[in-house]
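# Coordinate inspection notes
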Amino acid sequence: MSLNSSPNSNRIHIGIFGNRNAGKSSLINAITSQNIAIVSDVLGTTTDPVEKAMELLPLGPVLIIDTPGLDDTGELGKKRVEKALGVLDKTDIAILVVDARLKMSENDIAIEEKFKEKEIPYLVVYNKCDIAQRDIEGAFYVSSKTGENIDKLKEKLALLMPETLHEKRLVGDLIEKGDIVVLVTPIDESAPKGRLILPQQQTIRDILDSGACAIVTQENELSSMLSSLSKKPKLCITDSQVFKVVSEIVPYDIPLTSFSILFARKKGNLEELAKGAKTLETLSDGDKVLISEGCTHHRQCKDIGTVKIPNMILKHTKKQIEFEFTSGGEFPLDVSEYKLIVHCGGCMLNDKAVKSRMEKAKRDNVPMTNYGTLIAYITGILDRSLKPFNL
């Protein structure tokens, strides 16, 4: 991936909702001026949420999500509706598409209430105005077929963009122009061949955007690299898996944290995640721990989520813990059966999705932490890793 391209996690997520054949897919095609979504008169053509990353002026980088119809029927239809509702957890802006000939249905009214409940900015769009009467005062009518009001729709979407979206930076608020930031990036069997992982890419880009200098090294070269510098680094950021080694090399007067902790601060509530790590001491034999990753990747014999983290927890607690795992878009609706949730850094999830998962944990009174804060706690350097943020 290019350092200049926008990963999906940094894009504005626009969810398109509505009943079957309300014209969701055709509206997406009209907005994007592309035949992205399959359009058919057959009910239920869109059977799973479909995502398309693109540039949409005047919004910029967006991820448009087409969802199954809210009025789908049968056992399979029920599962499709659940999938559609699940998209709400990562939706920054919602569009409710209503067939202008049929007006709003009970499903439309119900999803509108969910928008309000989750505080998602939204717009109700009455589609197919080319073949329907415009008899609802104040309604916003469009035609996917003729293109009427499509440009105005884009303008309205831009006005709905939350002011706080992407307000937080990964590291830019901690450094100044001319500062040196050292990044420790191990190259082991789990590292992707020929490239850096997304958290490292995004951190480097934020450093460069700040006018600072990023120096990237491996842990076995760190000591000699630090001694060669004539200027003390403003900050050192490391991969969590080598936290302990790096903390022993980096002098204490150089602030130290990890990529995972930076993402925890940007996307979630770092203070709560740090508290969650400390609940390791409360685990008992037979307790369930959920380990969840926001991406899907090939599992290796030393995979951090399914192997390293569980082994660290077992060694630290000396308890017989039962582990369960989820990845990608999967995350339980009810997490009350778990005593702790350990999440990845969330680099592949947008801020809304991470916050939604934390809200579910808080609702069910389940402590939650992430890889970086957990490893820092187990290795005894959590306080040091949080010091750059004045926590």
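Just above, that's the structure.
Keep in mind it's a predicted model, so treat the numbers as computed, not measured.

Parameters at a glance
Residue positions are given per chain, counting from 1 as you read along its sequence in written order. At least 70 in pLDDT is required for a residue's local features to be given in this predicted model, at least 80 for side-chain atom pairs to be given and counted, and no such filter applies to totals for whole chains, interfaces and linings, which use all residues. Water and hydrogen atoms were dropped before computing side-chain values, which therefore reflect all heavy atoms in the structure. Helical segments are the DSSP runs of H or I of at least four residues, strand segments are the runs of E of at least two, and each set is numbered from the N terminus. C-alpha atoms define the radius of gyration, and 2.2 Å times the number of residues to the power 0.38 defines the globule rule. A 1.4 Å probe rolled over the protein chains alone gives each residue an accessible area, and that area as a share of the maximum for its type sets the label: buried under 20%, exposed over 50%, partly exposed in between. Contacts: residue pairs with any heavy atoms within 4.5 Å of one another. In these tables, accessible area is a Shrake-Rupley quantity obtained with a 1.4 Å probe, and a residue counts as shielded only by the protein chains included in the view. Residues counted as positive are Lys and Arg, residues counted as negative are Asp and Glu, and His and the chain ends are not counted. We put the charge of a Lys on NZ, of an Arg on CZ, of an Asp on CG and of a Glu on CD. Residues are said to line a cavity or pocket when one of their atoms sits within 4 Å of a point; the points come from a 1 Å grid over protein atoms alone, cavities being sets where a 1.4 Å probe fits but cannot get out and pockets being open sets with protein on both sides within 12 Å along at least five of seven lines. Grid points are joined across faces, edges and corners, and a volume is the space filled by probe spheres set on the points. Residue classes follow a fixed rule: Ala, Val, Leu, Ile, Met, Phe, Trp, Tyr, Cys and Pro count as nonpolar, while Asp, Glu, Lys and Arg count as charged, and any other residue, Gly among them, counts as polar. Pairing between two strands is assigned when DSSP locates at least 2 bridges connecting them. Inter-axis angles, ranging from 0 to 180 degrees, are taken between N-to-C directions of lines fitted to C-alpha atoms, where helices are fitted over the stretch in contact. Each Phe, Tyr or Trp ring (for Trp, its six-membered ring) is paired with any other whose centre lies within 6.5 Å, and the angle between the two planes then decides the class: stacked below 30 degrees, edge-to-face above 60, tilted in between. By definition, being over a ring means that NZ of Lys or CZ of Arg is both within 6 Å of the ring centre and within 35 degrees of the ring normal. Think of a nonpolar core as a cluster: buried Ala, Val, Leu, Ile, Met, Phe, Trp, Tyr and Cys residues, connected wherever their side-chain atoms sit within 4.5 Å.

What follows covers the overall build of the protein. A tally of helices and strands in the protein yields 13 helices and 14 strands. The C-alpha atoms of the protein give a radius of gyration of 23 Å, which matches the 21 Å a tight globule of 391 residues would have. Viewed in the frame of its principal axes, the protein has a C-alpha envelope of about 75 × 50 × 35 Å. Per-residue burial for the protein yields a buried fraction of 51% across its 391 residues. In the protein, of all internal contacts separated by at least 6 residues, the share reaching a separation of at least 24 is 73%. With the model as given, the accessible surface of the protein reaches about 19,000 Å², and the carbon-plus-sulfur share is 50%. Of note, the protein has its 51 positive side-chain charges centred 3 Å away from the centre of its 54 negative side-chain charges.

A full pass over the atoms with the stated rule returns one cavity of 30 Å³ or more. Volume-wise, the largest cavity comes out at about 80 Å³. Elements represented by at least two residues in the lining of the largest cavity include exactly helix H8 (259–267), helix H11 (351–363) and strand E14 (368–370). Counting residues per element, the lining of the largest cavity draws most heavily on E14, which supplies three residues. Its residues assigned to classes, the lining of the largest cavity shows seven nonpolar, six polar and no charged.

Sheet architecture is open: four strands sit in the order E12-E11-E13-E14, paired in parallel fashion. In the strand order of this sheet, the two ends are held by strand E12 (322–326) and E14, each with one partner. Between one strand axis and the next, the sheet turns by 25° as a mean value, whatever way the strands run. Inspection of the sheet shows strand E13 (residues 340–343) paired to E14 by three bridges, in the parallel sense. In the sheet register, His343 faces E14, and the bridge partner there is Asn370. Each of E13 and E14 touches helix H9 (residues 270–278); the most contacted strand, E14, lies at about 100° to it. Across the sheet, H11 lies against strand E11 (288–292), E13 and E14, angled at about 145° from E14, the strand it touches most.

Another point: the packing of aromatic side chains. In this structure the tally under the stated criterion is three aromatic pairs. Relative to Tyr122, the ring of Phe115 lies with its centre 5.2 Å away and its plane at 40°, an arrangement referred to as tilted. Judged by relative accessible area, Phe115 falls into the buried class, the value being 0%. Residue classification places Tyr122 among the partly exposed residues on the basis of a relative accessible area of 22%. Chaining the aromatic ring pairs together yields one cluster made of Phe17, Phe115 and Tyr122. The lysine or arginine in question, Lys156, covers the ring of Phe140, its NZ or CZ lying 5.1 Å from the ring centre.

Before going further, it helps to spend a moment on the nonpolar core. Membership of the largest hydrophobic core comes to 62 residues, with the highest contact counts inside it found for Val289, Ile309, Ile313 and Val342. Contact partners of Ile309, with chain neighbours within four places excluded, come to Ile291, Ile304, Val342, Tyr371, Leu374 and Ile375. Ile28, Val97, Ile150 and Leu157 belong to the second-largest nonpolar core, a separate cluster that totals 23 residues.

It is a general feature of regular strands that their side chains alternate between the two faces of the sheet. Within strand E7 (residues 180–184), five of the five residues are buried, which leaves it mostly tucked inside the rest of the structure. Burial along E7 is two-sided: the residues Ile180, Val182 and Val184 and Val181 and Leu183 are all buried. Note that E7 and strand E8 (residues 213–217) share five bridges and pair parallel. Each bridged residue has a counterpart across the sheet, and for Ile180 the counterpart in E8 is Cys213.

Attention now moves to the sheet that holds strand E3 (residues 60–66). Reading across from one edge, E2-E3-E1-E4-E5-E6 is the order of the six strands in this open sheet, with mixed pairing throughout. This sheet does not close on itself; its edge strands, each paired only once, are strand E2 (50–56) and strand E6 (140–141). Where strand E5 (residues 122–127) and E6 come together, two bridges link them in parallel fashion. Bridge pairing in E6 places Tyr126 opposite Tyr141.

Below, the discussion takes up the side chain of Ser260. By the secondary structure assignment, Ser260 is in helix H8. Classification of Ser260 by relative accessible area gives buried; the value is 12%. When neighbours within four sequence positions are excluded, Ser260 is seen to be in contact with Ser240, Gly345, Asn370, Tyr371 and Gly372.

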